[in-house]
Amino acid sequence: MSRPSSRSTLYRLIEAGQLAHKALLLPLVERGLEPGDDAILFELGRSGTTEIELSAELGLSEVALTTRLSRLLDRGLVARQAVGPELAPGVALTERGARIRNGLVDHWSQLEEALMGELKPKQRKRLGERLKRFVELLRL
């Protein structure tokens, strides 16, 4: 077995992942948000939802979600309102929250384009499939 090398694909994948993670955290920190807040903003960007549905979608406990939502409510990024056809109590993005979410989406898209921009559509798809398979293998 060969020694791990800084020229290996796995090493470069790890390095790229760490740097991408830092790059994605930067706009959160600049806006006073915490890691994971973006997931809430992204999910609420689709439409308002109940806290139970949001908790299930994000895989967060209700306590953890309540803590995060309290902070986002205090910052004026989300608001409590009736959602869905039954007008159930829920949460949705405010205008400010939507603007911040859109900025985060743009930042994410720029990083994605930096990674995949030179690849043809079929190559992008194959890379995505291979990375998904690799993640699944590591989770076993």
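Here the residue numbering is sequential within each chain, running from 1 through the sequence in written order. Side-chain atom pairs in this predicted model are given and counted only at pLDDT of 80 or more, local residue features only at pLDDT of at least 70, and totals for whole chains, interfaces and linings cover all residues. Water and hydrogen atoms were dropped before computing side-chain values, which therefore reflect all heavy atoms in the structure.

Participant: Help me out: how do you make sense of the pattern of salt bridges in this one?
Facilitator: Pairing is possible between side chains that carry opposite charge, provided their charged atoms lie close to one another. Whenever a carboxyl oxygen of Asp or Glu lies within 4 Å of a side-chain nitrogen of Lys or Arg, that contact is scored as a salt bridge. Scanning the model with the defined rule gives six salt bridges in all. Measuring nitrogen to oxygen at the nearest pair gives 2.5 Å for the salt bridge that ties Arg71 to Asp37. Highlighted residues: Arg71 in helix H4 (residues 62–74) and Asp37 in helix H2 (residues 37–46), separated in sequence by 34 residues. Numbering of helices and strands runs from the N terminus; a helix is a DSSP stretch of H or I covering at least four residues, while a strand is a stretch of E covering at least two.

Participant: Help me understand the pairing of strand S1 (residues 78–83), please; the structure alone is not making it clear to me.
Facilitator: A regular strand places its side chains so that they alternate between the two faces of the sheet. A pair of strands is treated as paired once DSSP finds two or more bridges between them. As defined by bridge partners, S1 adjoins strand S2 (residues 88–93) across six bridges and the pair is classed as antiparallel. Residue pairing for S2: Val78 is matched across the bridge by Leu93. Adjacent in sequence and paired antiparallel, S1 and S2 are bridged by four residues, among which Gly84 carries a positive phi angle near 75°.

Participant: Please explain empty space enclosed by the protein as it appears in this structure.
Facilitator: Gaps left between atoms show up when a probe the size of a water molecule is rolled over them. Both cavities and pockets are sets of points on a 1 Å grid over the protein atoms alone; in a cavity a 1.4 Å probe fits but cannot get out, in a pocket the set is open with protein on both sides within 12 Å along at least five of seven lines, and lining residues sit with an atom within 4 Å of a point. Grid points are joined across faces, edges and corners, and a volume is the space filled by probe spheres set on the points. One pass over the full model with this rule turns up one cavity of 30 Å³ or more. A volume near 50 Å³ is recorded for the largest cavity. In this structure, the largest cavity is lined by Leu24, Pro27, Leu28, Asp38, Phe42, Leu104, His107 and Trp108. When contributions to the lining of the largest cavity are tallied by element, the ones reaching two or more residues are helix H1 (9–30), H2 and helix H5 (95–116). Residues are grouped as follows: nonpolar covers Ala, Val, Leu, Ile, Met, Phe, Trp, Tyr, Cys and Pro; charged covers Asp, Glu, Lys and Arg; every other residue, Gly included, is treated as polar. Class assignment of the residues belonging to the lining of the largest cavity gives a composition of six nonpolar, one polar and one charged.

Participant: Explanation requested: the packing of H2 against helix H3 (residues 51–58) in the structure shown.
Facilitator: The description of two helices packed together rests on the angle between their axes and the distance between the axes. To obtain an axis, a line is fitted to C-alpha atoms, over the contacting stretch when the element is a helix, and the angle between two such axes runs from 0 to 180 degrees between their N-to-C directions. As a packed pair, H2 and H3 sit with axes 11 Å apart at the nearest point and diverge in direction by 120°. Taken together, the axis directions place H2 and H3 in an arrangement best described as oblique. Regarding H2 and H3, the two cross each other, and that crossing is right-handed. Judged by residue contacts, Ala39, Ile40, Glu43 and Leu44 of H2 engage Leu54, Glu57 and Leu58 from H3. In terms of residue class, the contact of H2 with H3 is made up of five nonpolar, no polar and two charged. By definition in this entry, angles of less than 35 degrees are roughly parallel, angles greater than 145 are roughly antiparallel, angles of 65 to 115 are roughly perpendicular, and the rest are oblique. Left-handed describes a crossing whose near helix is turned anticlockwise from the far helix by less than a right angle; the clockwise case is right-handed. Residue contacts follow a heavy-atom distance rule, with two residues in contact if any of their heavy atoms lie within 4.5 Å.

Participant: Can you help me understand H5 in this one?
Facilitator: What a helix should span is 1.5 Å times the count of its residues minus one. A rise of 1.5 Å per residue sets the reference length of H5, with its 22 residues, at 32 Å; its end C-alpha atoms lie 31 Å apart and thus fit the reference within 8%. When accessible area is computed with a 1.4 Å probe and restricted to protein chains, residues below 20% of their type maximum are described as buried, those above 50% as exposed, and intermediate ones as partly exposed. Listed as buried for H5 are Gly97, Ile100, Arg101, Leu104 and Met116. For H5, the angular spread of the buried residues around the axis is 135°, confining them to a single face. Among the exposed residues of H5, those oriented more than 90 degrees off its buried face are Glu95, Arg99, Gln110 and Ala114. Residues of H5 that are buried sit in contact with H1, H2, S2 and helix H6 (121–139). As used here, the arc belongs to the directions running from the helix axis to the C-beta atoms.

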